[in-house]
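Chain by chain, the residues:
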Amino acid sequence: MDILARNNVSVSGSPDGPPMVFAPGFGCDRSMWRFLIPAFEDKYRVVAFDHVGTGGSDISAYDADRYATLDGYADDVLQICDALDLPPVIFVGHSVSSMIGALAAIRAPARFDRLVMVGPSPRYIDDDDYVGGFSAADIDELLASLDSNYLGWSGAIAPVIMGNPDRPELGHELTASFCKNDPDIARRFAQVTFTGDNRDDLLKVTTPTLVLQCDQDAIAPREVGMYVHDRLPDSELVVLRATGHCPHLSAPEETIAAMKPFLARR
Amino acid sequence: MDPTEPTEVETAEELYEDAPCGYLSATPDGTVVRVNGTLLRWTGYEREAVLGRTFTSLLSPGGRVYFETHLRPMLQTEGHVREIALEVVCADGARLPVLVNASTTVTRAGRDIVRITILDASERREYERELLRTRTDVEQLLRVTASMAASVDVGSVVDAVLDELAGTAPVDVCALGLLDRTGTRLELLGTRGTSAEDADPWSSEAMASGSAAAEAMSTGTARFLVPGQSTASLGAPDRMLALVPLVARDRSIGLLGVACSSSSRSADERRTLGAIAKLAGQAIDRARLADLARKNAERAGFLAEASREMEETQTVADRARRAVDLVVPYLADYATIEMPDRGPEPVAAAHREARLLQPLIDLRRRSRLTADTPNTVARAIATGQPQILSDIPEAVYEDYTSEPDQLELLRQLAPRSYVGLPLRARGHVVGALMLVCADRSRRFVPDDLPFLQTFADQVGLALENAQLYQSERTISSTLQRSMTAGVLPDDPRARLSVSYLPAPGEMQIGGDWYSSFMIGPANLAVVVGDVVGRGLGAAAAMGQLRSATRALAQTGMGVAAMFRDLERFVVEVEAAQVATLAYAELALDTGELRWACAGHPPPLLLTPDGTARFLWGGRSLPLGVQDEIEAIEREVGTETIPAGGIVVFYTDGVVERRGETIDEGLERLSERALNLTGGSFDSMAADLCAAMLADAPADDDLCLVCVSVEGAGSVSAVSPNALTATS
């Protein structure tokens, strides 16, 4: 199997530089890194990819069993490192990909030089004292809404919702955007992402990690970023002034500025 | 204010606040900085409750996640999103389906701002859901159509329908019943979500006159019942029940029952259910025709096979045994054949469970059934008409017998369905075939009778034929025995060794015969003949030829004259019109042999010095082939046989073998006969027959007569000849 084609892997930047691997979170494809990557290409060998079932990946490679847990996705990360024969990498993961990077680093610590977690959450559901940001009912409703295709998740429903017959370009716009998703795979990925619990895994990560937490994030609230930082044995926390869940889109300069000193430190 | 704008129409403020859509502005991080009155009216929030909050906090959790993971990235990179379906959580917690347009723009003051318009999409959402449902329904119909097209028999059509319905969300219980061939019973063919037992009352209630189900079937229109409206509720009384007739060729052939928990069924759902039922009706009808064609072909094959199998056996008992073995278990769980002329016991009986066979026979023996008892074997025999009882209720067992052990036995046999078939042949009834099904899953219905009676007639004819064969064979073999086993002359001057072997596996005896008698005190006559034909006719002809030969020969007229007079006789006897005959007169004192062979193979002479040769003289055509009787003067051979010589007379079965010339057979005979000359003469004929058959089975009768000439000197002495020595 061609791993690089399967995960729509792109390689750019300095061929001899230390490798950085950018992994997108749930929702969009690797082009969401477009404002960050140029800042690193002069010094680093920059690798970006799409998870199987999203973006430009090979959808036919999607295997519901393999991707029933985040381990399957972590396995893909290691396969990509193998395929490119990369020395220890700086892994930059957004949202759920932060946890995917953590799982991969636990399995093959030697493969990882640093982890950068953008808006990570080991668990989205509140649990006793733990604040995840969502009640169990919220997540149930989220998954149910995915099931019933009410929201604009679905490429299949998108033409109905958006596509006035006289304005077909509207339906095209979302489904052709970088946030397009196979509805069935998106539902499964959401299930894996939002019902998982990786809190104990954080304790096992030995790789030095930078946690980037936005000031106001509806998906991963500040408490979650603090929790991640507390649990990781070797981590730094930077709380960005940026709001939302995608600082690499909304505040790329601030994000880059937060990453560079961490990467420069040896 | 712009002076060109007619302020008396409406102000910009009014336009904003009371616009026909919700309107909201937010900072790039999503904090709401302005909201219009329309949105506040729709959602029930106070303005202060919205300002300062993030836009996403107004959304349902799903919408919030979707906005953060999908929409905000798009707003940030592309500047706008359009017509996104979301749900706003109102002040009272209700959800308002909306369509959202948003664009990022720079205000005159130079600030980035996100403008969001919100359209009430409640009706549209309902319409979309309806579209989705329709699409789901259409997909369901397509699936049902496809799985039915792949179904080759009624059972798999039923499974396809029920599986599809059971897989649909609001359906809890469903069942499908088809009218049986009598049209009076709804036969339950499958259920989902309930057991067959629980659904049973449903299928019986359906046939009650005036019931909703009966009405649905008689009108061909579906009925939808609210909980409690039907007495037979498919085991789910708290559910809504749909009763949909299955219609094929404008006739209701069955009923589909569907219980579901939803409080009502939309017109679309009803239509879909109706469409599925229509497809199912047609598919079942098609599958039934295919089933029927298959069944007919199978039955034709069965009848042909049955006929062939019965023909393989010969006796009445064997054929009856084959017949019952053929129908059990293929058609019935047990079967008996009774032929009153042959005694009160069944001629044959078979039961699916061997251990129940003898008790069954005992039960039959004890029960005194008469033609007045309805549906009995006796009645079938008396009327010559098939008797059928499709459903035997268990209560009837007690009418049949009051003895506890018999009752217990009946319960074990558990007859559920019964047919008594007369065995008819050539216009009369030879007996009856009784078939019983003990299994509830199958039973006899009047539609089965034509096929079953065809089989019974076939059995009747086979048994009748066996009876005729048997009586004919008895007569003809008696006749032949009387002809071949008569008392042989006992004279020390010539000894006889004889053997007759009928062809193996033949229903009818053949036409070979022999005879030997004295003509006066000094001459021995030996006759070996073969009448063309088999069976009773041939046996009669043999008898006549034998008597005629003897009567003519004993007048002492001699070989030639005997043949001449026999020829006259033969034309009178139709059955013996073609016959071969070897006839010889041996003068016991001189050893002189005079013979003639009418179409018969030549006698073999074994001399005392150990040589063998055929006596080729005295040859002529078979009896009954010449037109001009007067012209016949048959050639007579003569030969003096020395004392110690042996003459062997035989029929063609001894020397003829398929694929050989007659010379090879003769060669084999002389060789094997010589090999036997050292042994016992008394068994010589039998030994020689056996020797001739040593390397190939017989395919014809074998008849062989050996005459050992002892000579006049042997009258008062024990012969020193080795041939007579016995051990």
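None of the values given here were measured: they were computed from a predicted structure.

Would you mind showing me how to read the overall build of chain A here?
Check the secondary structure of chain A and you find 11 helices and 7 strands. Within chain A, the fraction of its 266 residues that count as buried is 56%. For chain A, long-range pairs separated by at least 24 residues make up 73% of all intrachain contacts whose partners lie at least 6 apart in sequence. Just so you have it, chain A exposes about 10000 Å², and 50% of that area is on carbon and sulfur atoms.

Hey, could you run me through the packing of aromatic side chains in this one?
Any aromatic ring pair is given by two values, namely how distant the centres are and how the planes are angled relative to each other. Residue and element names in this part refer to chain A. All told, the structure shown has 19 aromatic pairs over all chains when counted by the stated rule. Ring geometry for Phe26 and Phe189: centres 5.5 Å apart, planes at 70°, overall edge-to-face. Residue Phe26 is found in the loop between strand E2 (19-23) and strand E3 (45-48), and its partner Phe189 is found in helix H7 (residues 183-195); the two are separated by 163 residues along the sequence. Overall, Phe189 belongs to the buried group, its relative accessible area being 2%.

What's the story with the environment of Arg239 of chain B in this structure? I'm lost.
Relative to the assigned elements, Arg239 of chain B resides in the loop between strand E8 (223-225) and strand E9 (240-248). For Arg239 of chain B and Pro227 of chain B, which are 12 residues apart along the polypeptide, the C-alpha to C-alpha distance reads 5.1 Å.

Mind showing me how you'd approach the sheet that holds strand E5 (residues 112-118) of chain A here?
Within a beta sheet, neighbouring strands are joined by backbone hydrogen bonds and run either parallel or antiparallel to one another. Residue and element names in this part refer to chain A. Taking strand neighbours across the sheet as the criterion, the 7 strands line up as E1-E3-E2-E4-E5-E6-E7 in an open arrangement whose pairing is mixed. Edge positions in the sheet fall to strand E1 (10-13) and strand E7 (235-243), since each of these pairs with one other strand and no more. Within the sheet, the average angular offset between the axes of one strand and its neighbour, ignoring direction, is 20°. Bridging between E5 and strand E6 (residues 209-216) involves 4 bridges; their strand directions are parallel. Bridge assignment links Met117 to a residue of E6, and that residue is Val211.

It is not clear to me how the pairing of strand E4 (residues 95-106) of chain B should be interpreted in this structure. Could you clarify?
A regular strand carries its side chains on alternate faces of the sheet. Residues and elements named next belong to chain B. Relative to E4, strand E3 (residues 80-89) is paired through 8 bridges, and the arrangement is antiparallel. Bridging from a neighbouring strand, Val89 pairs with Arg95 of E4. Where E4 folds back onto strand E5 (residues 112-120) in an antiparallel hairpin, the turn is made up of 5 residues, including Gly110, whose phi is positive at roughly 85°.

Would you explain the nonpolar core in this entry?
Generally speaking, soluble globular proteins have nonpolar side chains that are buried together. Counting 52 residues, the largest nonpolar core has Leu70, Phe91, Phe112, Ile139 and Phe194 of chain A as its most contacted members. Within the residue set of this core, elements represented by two or more residues are E2, helix H2 (70-84), strand E4 (89-94), helix H3 (96-107), E5, helix H4 (136-147), H7 and helix H9 (222-231) of chain A. At 8 residues, H2 of chain A tops the list of elements feeding residues into this core. Not counting residues up to four positions away in its chain, the partners in contact with Leu70 of chain A are Val96, Met99, Ile100, Leu103, Val192 and Asn198 of chain A. Listed in part, the 36 residues of the second largest apolar core include Ala335, Leu423, Val430 and Ala462 of chain B.

Even after reading the chapter, I still don't get the side chain of Arg672 of chain B, so can you show me in this structure?
Residues and elements named next belong to chain B. In this fold, Arg672 is placed in helix H19 (residues 662-675). For Arg672, a relative accessible area of 17% translates into the label buried. Excluding residues within four positions of it along the chain, Arg672 makes contact with Arg657, Leu688, Ala691, Met692 and Asp695.

I keep staring at the environment of Asp112 of chain B and nothing clicks. Help me out?
Residue and element names in this part refer to chain B. Examined against the element boundaries, Asp112 turns out to sit in strand E5. With relative accessibility at 41%, the residue Asp112 sits in the partly exposed group. Setting aside chain neighbours within four positions, we find Asp112 in contact with Pro28, Thr105 and Val106.

Explanation requested: unusual backbone geometry in the structure shown.
Phi is mostly negative for residues that are not glycine, and the peptide bonds are mostly trans. A cis amide bond, omega 5°, links Val328 of chain B with the succeeding residue Pro329 of chain B. Among the secondary structure elements, Pro329 of chain B is positioned in the loop between helix H10 (316-327) and strand E11 (334-338). With a phi close to 55°, Asp85 of chain A is a non-glycine residue in the positive phi region. Along the polypeptide, Asp85 of chain A turns up in the loop between H2 and E4. The class for Asp85 of chain A is exposed, based on a relative accessible area of 63%. Notably, Asp128 of chain A is not glycine yet its phi reads approximately 50°, a positive angle. Checked against the element boundaries, Asp128 of chain A lands in the loop between E5 and H4. A relative accessible area of 77% means that Asp128 of chain A is categorised as exposed.

Is there a simple way to explain the confidence of the model for chain B in this structure?
Do not read the predicted coordinates in detail wherever pLDDT is low. Residues and elements named next belong to chain B. Per-residue pLDDT for chain B averages 82, and the proportion of residues at 70 or more is 88%. Confidence drops under pLDDT 50 across residues 716-727; counting only partners more than four residues distant or on other chains, this segment forms 15 contacts. Among the prediction metrics, the complex's ipTM stands at 0.80, with pTM recorded as 0.49.

Can you walk me through empty space enclosed by the protein in this structure?
A water-sized probe rolled over the atoms picks out the places where empty space is left. Across all of its chains, the model carries 10 cavities of 30 Å³ or more by this definition. In this structure, the largest cavity spans a volume of roughly 100 Å³. In terms of residue class, the lining of the largest cavity is built from 7 nonpolar, 1 polar and 5 charged.

Criteria and cut-off values
- Residues numbered from 1 in each chain as written.
- Chains lettered and ligands numbered in written order.
- Predicted model: local features only at pLDDT ≥ 70, side-chain atom pairs only at ≥ 80, totals over all residues.
- Heavy atoms only, no water.
- Helix = DSSP H or I, 4+ residues; strand = E, 2+ residues; numbered from the N terminus.
- Buried < 20%, exposed > 50% of the residue type's maximum accessible area, 1.4 Å probe, protein only.
- Contact = heavy atoms within 4.5 Å.
- Areas by Shrake-Rupley, 256 points an atom, 1.4 Å probe, with all protein chains shown as cover.
- Phe/Tyr/Trp six-rings, centres within 6.5 Å; stacked < 30°, edge-to-face > 60°.
- Pairing = 2+ DSSP bridges.
- Axes fitted to C-alpha atoms, helices over the stretch in contact; angles between N-to-C directions.
- Core = buried A, V, L, I, M, F, W, Y, C linked by side-chain atoms within 4.5 Å.
- pLDDT = per-residue confidence, 0-100.
- 1 Å grid on protein atoms, 1.4 Å probe; cavity = no way out; pocket = protein on both sides within 12 Å on 5 of 7 lines; lining within 4 Å.
- Points joined across faces, edges and corners; volume = space filled by probe spheres on them.
- Nonpolar A, V, L, I, M, F, W, Y, C, P; charged D, E, K, R; others polar.

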